[in-house]
Amino acid sequence: QCCTPALVPHTPVSFDQSETHQDSKQDLRSPSIYSVIDTVPQLDFYINATATGRYRRSRPSLEVLRKATDVHANFTPQGGANNRRKAAAQPVRFGWITGVMIRCMLNIWGVITFLRLSWITSQAGILLTWLIILMSVLVTSITALSVSAISTNGKVYSGGAYFMISRTLGPEVGGPIGVVYSFANAIGCALHTVGFSETVRDLLIEYNAVIVDPVNDVRIVGVATVTMLLLISLAGMEWEAKTQILFFAILMVSFVNYFVGTLIPATPEKQSVGFFGYNSEIFVTNLMPNWRGPEANFFQMFAIFFPSAIGILSGANISGDLKDPEIAIPKGTLMAIFWTTLSYLGISWCLYTYVTDTCVVRDASGSMNDSISGNVSCEGMGCNLGWDFSQCEMNQTCKYGLANNFQVLTTVSGFGPLITAGIFSATLSSALAFIVSAPKVFQCLCRDNIYPYIGFFGKGYGKNQEPFRAYVLTYFIAVAFILIGDLNSIAPLISNFFLCSYSLINVSCFHASITNSPGWRPSFKYYSHWVALFGVVISVVLMFLLNWWAALIAFGLIFFLLGYVIYKKPAVNWGSSVQAGTYNMALSYSVSLSGVEDHVKNFRPQCLVLTGPPNVRPALVDFVSSFTKNISLMICGDILMDNDKSVVPQHNIEALVKWLNRRKVRSFYTPFAGASLREGTRSLLQAIGLGKLKPNILIMGFKTSWQECSPHSLEDYISTINDTFDSNYGVCLLRMMDGLDISEDTEGEGQIPLRSGPLTRNEDHRIQKDHVASDDTTKEQIHTVFQNNQGKKTIDVYWVSDDGGLTLLVPYLLTRRKRWRQCKVRVFIVGDQQSMEEQRKEMVSLLQKFRLDVHDVIVMTDTERRPHTKNMMRFEETLEPFRLRDGLMEEVTVQELRKDFPWKVTAKELEALRPKSEKKVKLNEIIRRHSKDAALVLVSLPVPQTDCPNILYMAWLDTLTSGLHCPALLIRGNQQNVLTFYCQ
C-alpha cells in the first residue's frame, strides 16, 4: 500500500526477485548481538503479504524474546526452507523508458495533435492557442508532480491512479474515482479510434471508396479497429509493448517528414489548397482569433484540445507491470511531459506558428481555376498571394485551409502517406494504451471488493494476471461511444472526466501532505502541497467552464458512489490520509477543549460502563448506547482479575471491538488488569479519558448474586460505589428481571463468549486454532429489550432526591431516540397531602423551565406511612442469614463475633436504621403499584453512609427494585447541576 515505509532511493530493492535469490538472502541472515533469537532488520519483515502474494516472514514476538533463553532458543522465522514456494513463471516487466515515457508520449501525441490542432489554431488564433497549450501543460505538470510524490511513498502495485488515490484518501474517495477513471479511459479509447476512423474515411472519400456514408463509415471502421486492438491486448502486455514501440518509430519518422515538407517550396496544387510557404502577412492574419460557429469559443477549443495532454497517467496505469514503479513513474512521466511540451511549443508552436500559420491561409477552395495574374481586383488574403478565394469565403463553401481541412499536415508534409502513417500511429497507440489502462485500473477496483457484482471482472489470467473479462467490458463501452461517430462531441466528455481524476490526485497529494503523518515520506521531493491545491482549484474551475452539465454529471456520479461506500463501510484499512487527518483533528480539538471551562449547558453524560466483555452483557451495552450514541462518550470497561496479567490476547480485543461495531454501538473498549473490582475501577476512573473526554458517570449492573456471593465480593462491590462517589462521579446501577450476564446461556447454546483477559496456554492455543470460528461468533448478535420499539409505554422517574438533574436528563435523552420517542415520561416526587397541589405546580414550573417534555407529575403523599407487614417481614427474612445474634450475649463475646463476622448486621444497627428500611420498603410498594406496565423505571440511588453496613445497604437496593418486570435504573448524579434554565 502507498503508505508503507518507502525504500531507500539509493539502493532500490525489487520485490520480484527470483526464489533462489530469496533463499540465499535467508541463508545470510544473522542474529542480533543481543540474543541469538533476536534478528537483525530485514526487508521481508516489512512486506505486505496480501499485496505481494509472497509469504511474509515474521520477527520473534516480545513474548518469545522475553520467555525464551538463548540456550534453548529454537526460533525459526516463518517462511523458512519448509515454507518456500515453488518458483513460478516470472511476469513481463518494463523499465521507465518503454513502460512509462514512450507510453505517455504516444498517448499525449494523439489524434488531437494531427487532426485538430491546426483547426483549433484557425479558430482561436496563435496567441490563444499558445495559452490553451500552456494551460493544459500546467494542469498535467502539477498532476504529474503529485503522482510522482504519491508513487514514491511506498510500493505501488497495479491499479494506477485508482490505486494511488484509494491508498491515499481511502476507499470512500478511491472507489468512485476508480469507476470514473476506468470509464474515462474507455471513452479515451473511443476518442482516438474515432480519430483514426476519420482519417480512413477521408482516404476512402479521396479514392471514391465510400462504404455507406461519411458518418457510418467512421462507425464501421471504428468498430473494426477497436476489435483489432482488443485482440492485440488479449495477446498480452509483451505484444502490446512491442506494438507501441513500432508506433513510436513511425511517429518519429512522420514528424521528420512534416518538418522536411515545410522547407519544400509550395507547388501550385498545394497553393490551391492554401499552402504558400513562409509569409508574414499570413502570420499577422492568423495571430488573432476568428471564431466560426455558434459554439466556437475559447473554452470549447480548450475542451477539444485538452485530451491531447491526458496521457500522463498511461505509465502509472500499468504500474503492476513495471520493474520499479517508484522510480519509473516519476522519471518516465516527467520526461514524457518535458519532451511533449517541447514538441508542442517547438513543433506545434514554431512549425504551426512560423510554418503552418505563416504558410496556410484559413480558407482555400482547392481549385486551380482560382489563380489570378496581373491587376485583378479581389479581396482576401489569397489576393496578395496570386489566388482569389473570395467567392468560396463569401459562400462558406471552402473545403481547404486551416479552418476547413483537418488534414493540413498531410498537405504541408514532404510525403503525405507518411503523415497518414503518423496519424495512424498516434491514434492507434493512444487507443491501445487506453484499452489496456482501463481494464488494469478496473481489475484493481474489482479485487478490492468495494462495490458489489463487479468481482467477476477482476479475475486475472496468465503470468501477468491479464484482466481478459475487463478487456471485453472496456471493448463494449468503447464501441458504444464510437457509434457517436463525432470526435468533437466525445472530446469534451473525456476532458471533464480526466480533469475530475486529476483534481482528486492533487487532493490526495495535498491532503497527505497537510496531515503531517509520519507515514508520508515520498522520496520525490520536488512537490508542494500548495501547488497541488492550486491544481485542484484550476481543474474544478476548468471542468465547469468547459462543460457545466458534464461536470455536474461527473460530480453527481462521484457523490453517488461515495455515498454508497460510506454507507457500506468496506472492511479495508489502507492507512489513508483521511485516517491521519481524523487523528489530527481529534487531537487538535481535544487539546483545544482542555482549555475550555466546563459549563452546565454543555454537560453530557460520559459513561464508563463496567460491562466486562461487552458481548456477555449486551443489555447493559444497548441501554447506555441508547442515550449516549452520537451524543457523548461511552467506554466499556473490562476489569481483569486473573492472577496472570502478563498476556492479553490482541485478537480477542479486536473481536470484541468488531462486535460493538456490528451492533452499531459507538463505544470504546478498554480492558484493565486489577486485583479486584474496586482496584481496577479506581484505576480506570483516574487514568481513562483524554482531557475533557473522560467519564463523569460510572454504570454497573446490579449485583443480583449479593446473597450468595462471598463477603469479600460484596465488600468490593459496595466499596466501588463509595470510591466512585468520592471521585465526584455519578453512579448508575441497571437491574433486569432475568439478569444481565448471558455467558451461561451462550455457553449452553454452544457459543464461546469472547474474553479479553489473560488465557492459559491451552486456552490461547484453542482460540488461535478456532480464530475464524470466534469471528463468526461475534456476528451472532443477541437481541435485547432495549432494541425493541417501546411503544406508548411510560418512563417513570422517581425523583426522590435532588442530584443535580441527572435523573431527569437520562430519560429526556432516551425519548430523543426513535425506539423511545412515543414513551411518556412521568415524574414522581415526595410530598404531603396538605400542600400536594402546590408542590405539583412548583415541580411542573421547574420542569417547564428546564424545557423537558414531561407528561405528568405525581406527588407521592404516602411515603411516610408504614409499609405492609408482609413486605416488611419479607425484607427482614432477606437479612436473616446476615444477622449477628447478639441480643443475650455479653459485650466481649459480641466483639469477638464482630471480629470474626464483620459483614453481619447487629440487632442494634438494624433497629437504629429501621425507619430508613421501612421507607425503602414503602417506596417499593408505591413503585410496584404505579409502574407495573412501565418501559423503564428510574429511582434515585441512596448514597451509602458510613454508619450503614454493606449488607443492609445492598438489601435496600434490592428492595427498591424488587418485583419489577421492567428494567430498573438506580441513578445518582454527583450533586452538581447538569440542567439549567439560564441562557448563560
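The structure presented is a predicted model; accordingly, all values stated were derived computationally and were not measured.

Rules and cut-offs
Counting from 1, residues in each chain are numbered in the order their sequence is written. Selection of residues for local features in this predicted model requires a pLDDT of at least 70, selection of side-chain atom pairs for listing and counting requires 80 or more, and totals for whole chains, interfaces and linings are taken over all residues. With hydrogens and water set aside, each side-chain value is computed from the structure's full complement of heavy atoms. Helix and strand definitions follow DSSP, with helices as H or I runs of at least four residues and strands as E runs of at least two, each counted in order from the N terminus. Burial classification: accessible surface area is computed with a 1.4 Å probe over protein chains only, and a residue below 20% of its type maximum counts as buried, one above 50% as exposed, and the rest as partly exposed. Whether two residues are in contact is decided by their heavy atoms, any of which lying within 4.5 Å being enough. Every accessible area reported is derived by Shrake-Rupley at a probe size of 1.4 Å, with residue values counting cover from the shown protein chains alone. Put simply, a nonpolar core is a bunch of buried Ala, Val, Leu, Ile, Met, Phe, Trp, Tyr and Cys residues held in one set by side-chain atoms that sit within 4.5 Å of each other. Pairing between strands is defined by DSSP: at least two bridges between them are needed. For helices, the axis comes from a line fit to the C-alpha atoms of the stretch in contact; other axes are also lines fit to C-alpha atoms, and the angle between any two N-to-C directions lies between 0 and 180 degrees. Pairing of N or O atoms within 3.5 Å defines a polar contact, subject to two protein rules: one partner must be a possible hydrogen donor and the other a possible acceptor, and residues neighboring in sequence count only if both atoms are side-chain atoms. Here a pair means two rings of Phe, Tyr or Trp (six-membered ring of Trp) with centres within 6.5 Å. Their orientation is stacked below 30 degrees between planes, edge-to-face above 60, and tilted elsewhere. A ring is scored as having a charge over it whenever the NZ atom of a lysine or the CZ atom of an arginine sits within 6 Å of its centre and within 35 degrees of its normal. With strands facing away from the observer, any crossover in which the path from the first strand over the helix to the second runs clockwise is taken as right-handed. Each residue carries a pLDDT score, the predictor's own confidence in it, on a scale running from 0 to 100. When a carboxyl oxygen of Asp or Glu is within 4 Å of a side-chain nitrogen of Lys or Arg, the pair counts as a salt bridge. One less than the residue count of a helix, multiplied by 1.5 Å, gives the span that helix is expected to have. Orientation labels follow simple angle bins: below 35 degrees gives roughly parallel, above 145 gives roughly antiparallel, 65 to 115 gives roughly perpendicular, and whatever is left gives oblique. Should the near helix be turned anticlockwise from the far one by less than a right angle, the crossing is termed left-handed; should it be turned clockwise, right-handed. Just so you know the grouping, Ala, Val, Leu, Ile, Met, Phe, Trp, Tyr, Cys and Pro go in nonpolar, Asp, Glu, Lys and Arg go in charged, and all remaining residues, Gly too, go in polar.

### Description of the overall build of the protein
For the protein, the count of helices and strands is 37 helices and 12 strands. A buried classification covers 53% of the 984 residues belonging to the protein. A sequence separation of at least 24 residues applies to 81% of the contacts in the protein between residues at least 6 apart. For the protein, the exposed surface amounts to about 45700 Å²; the carbon and sulfur share of it is 57%.

### Quick word on the nonpolar core
Of all hydrophobic cores here, the largest spans 118 residues; its most connected members are Ile132, Val226, Leu313, Ile435, Phe498, Tyr502 and Ile505. With residues near it in sequence (within four places) discarded, Ile505 still touches Thr143, Ser146, Val147, Ile150, Ala161, Ile165 and Leu313.

### A look at the sheet that holds strand β8 (residues 856–860)
Strand order in the open sheet formed by 10 strands is β3-β2-β1-β4-β5-β12-β11-β6-β7-β8, and the pairing between neighbours is mixed. Two strands bound the open sheet, and with one partner strand each, they are β3 (668–673) and β8. The mean angle between the axes of side-by-side strands here comes to 20°, regardless of whether they run parallel or antiparallel. Bridge count for strand β4 (residues 697–701) against strand β5 (residues 730–735) is 5 bridges, and the pairing is parallel. Bridge pairing in β5 places Ile697 opposite Gly730. Across the sheet, helix α32 (residues 836–849) is in contact with β7 (824–830) and β8; its angle to β8 comes to roughly 140°.

### Re the environment of Ser940
Mapped onto the elements of the fold, Ser940 is located in strand β11 (residues 936–940). On a C-alpha basis, the gap between Ser940 and Leu806 in space is 9.8 Å, while along the polypeptide they are 134 residues apart. Leave out the neighbours within four places in its chain, and Ser940 touches Tyr798, Trp799, Val800, Ser801, Thr807 and Ile971. For Ser940, the side chain forms a polar contact with the main-chain nitrogen of Val800, separated by 3.1 Å. Only 3.3 Å separates the side chain of Ser940 from the backbone nitrogen of Ser801, close enough to count as a polar contact.

### With respect to unusual backbone geometry
Even without being a glycine, Asn208 presents a positive backbone phi close to 55°. Note that Asn208 resides in the loop between α8 (171–206) and α9 (214–234). Positioned with a positive phi, Arg851 is a non-glycine residue whose angle comes to about 60°. Within the secondary structure layout, Arg851 lies in the loop between α32 and β8.

### Quick word on the environment of Gly831
Relative to the elements of secondary structure, Gly831 occurs in the loop between β7 and α32. Sequence-wise, Gly831 and Thr861 are 30 residues apart; in three dimensions their C-alpha atoms are separated by 5.1 Å. Not counting the four nearest positions on each side in its chain, Gly831 is found in contact with Gln839, Val859, Met860 and Thr861.

### A look at the packing of aromatic side chains
Taken as a whole and assessed by the stated rule, the structure comprises 24 aromatic pairs. Relative to Phe457, the ring of Phe456 has its centre 5.4 Å away and its plane inclined at 85°; by these criteria the two rings are edge-to-face. For Phe456, a relative accessible area of 49% translates into the label partly exposed. Every member of this aromatic cluster is reached through a ring pair, and the members are Tyr181, Phe434, Phe498 and Tyr502. A cation over a ring is seen here: Lys459 above Tyr461, with NZ or CZ 5.3 Å from the ring centre. Across from the ring centre of Trp956, 4.2 Å away, lies the NZ or CZ of Lys920, which sits over that ring.

### Quick word on the pairing of β5
The buried fraction of β5 is high, at 6 of 6 residues. Running through helix α27 (residues 711–726), the crossover from β4 to the neighbouring parallel element β5 is right-handed. The pairing of β5 with strand β12 (residues 968–972) spans 5 bridges and is classified as antiparallel. Looking at the pairing, Arg735 lines up with Ala968 of β12.

### Some details on the confidence of the model for the protein
When the pLDDT values of the protein are averaged, the result is 78; 75% of them are 70 or greater. No element of the protein has a lower mean pLDDT than helix α29 (residues 761–769), at 41, and none a higher one than strand β6 (residues 794–798), at 95. This model gives residues 1–28 a pLDDT under 50, and the stretch forms 59 contacts once residues within four places in sequence are excluded. Overall, residues 71–88 carries pLDDT values under 50, and its contacts beyond four positions in sequence, including any with other chains, amount to 29 contacts.

### Here's the deal with the pattern of salt bridges
Applying the stated criterion across every chain, the model contains 16 salt bridges. A salt bridge links Arg201 to Asp202, with the nearest nitrogen and oxygen atoms 3.3 Å apart. The class of Arg201 is buried, set by a relative accessible area of 17%. For Asp202, a relative accessible area of 23% gives the class partly exposed. With a shortest N-O distance of 2.6 Å, Arg678 and Asp723 are connected by a salt bridge. With a gap of 45 residues between them, Arg678 in helix α26 (residues 677–687) and Asp723 in helix α27 connect regions that are remote in the sequence.

### A word on α8
Over its 36 residues, α8 extends 52 Å from the first C-alpha to the last, a length consistent with the 52 Å expected when each residue adds 1.5 Å. Of all 36 residues making up α8, 28 are buried, and the element is well covered by its neighbours. Just downstream of α8 lies Asn208, where phi reads positive at about 55°.

### Section: the packing of α8 against α9
At a minimum axis distance of 8 Å, the contact between α8 and α9 shows a crossing angle of 125°. One way to sum up the angle between α8 and α9 is to call them oblique. Considering how the two elements wind past one another, α8 and α9 form a crossing that is right-handed. Within the contact between the two elements, α8 uses Cys189, Thr193, Val194, Phe196, Ser197, Glu198, Val200, Arg201, Leu204 and Ile205 and α9 uses Pro214, Asp217, Val218, Val221, Gly222, Thr225, Val226 and Leu229. Taken together, the residues that form the contact of α8 with α9 break down as 11 nonpolar, 4 polar and 3 charged.

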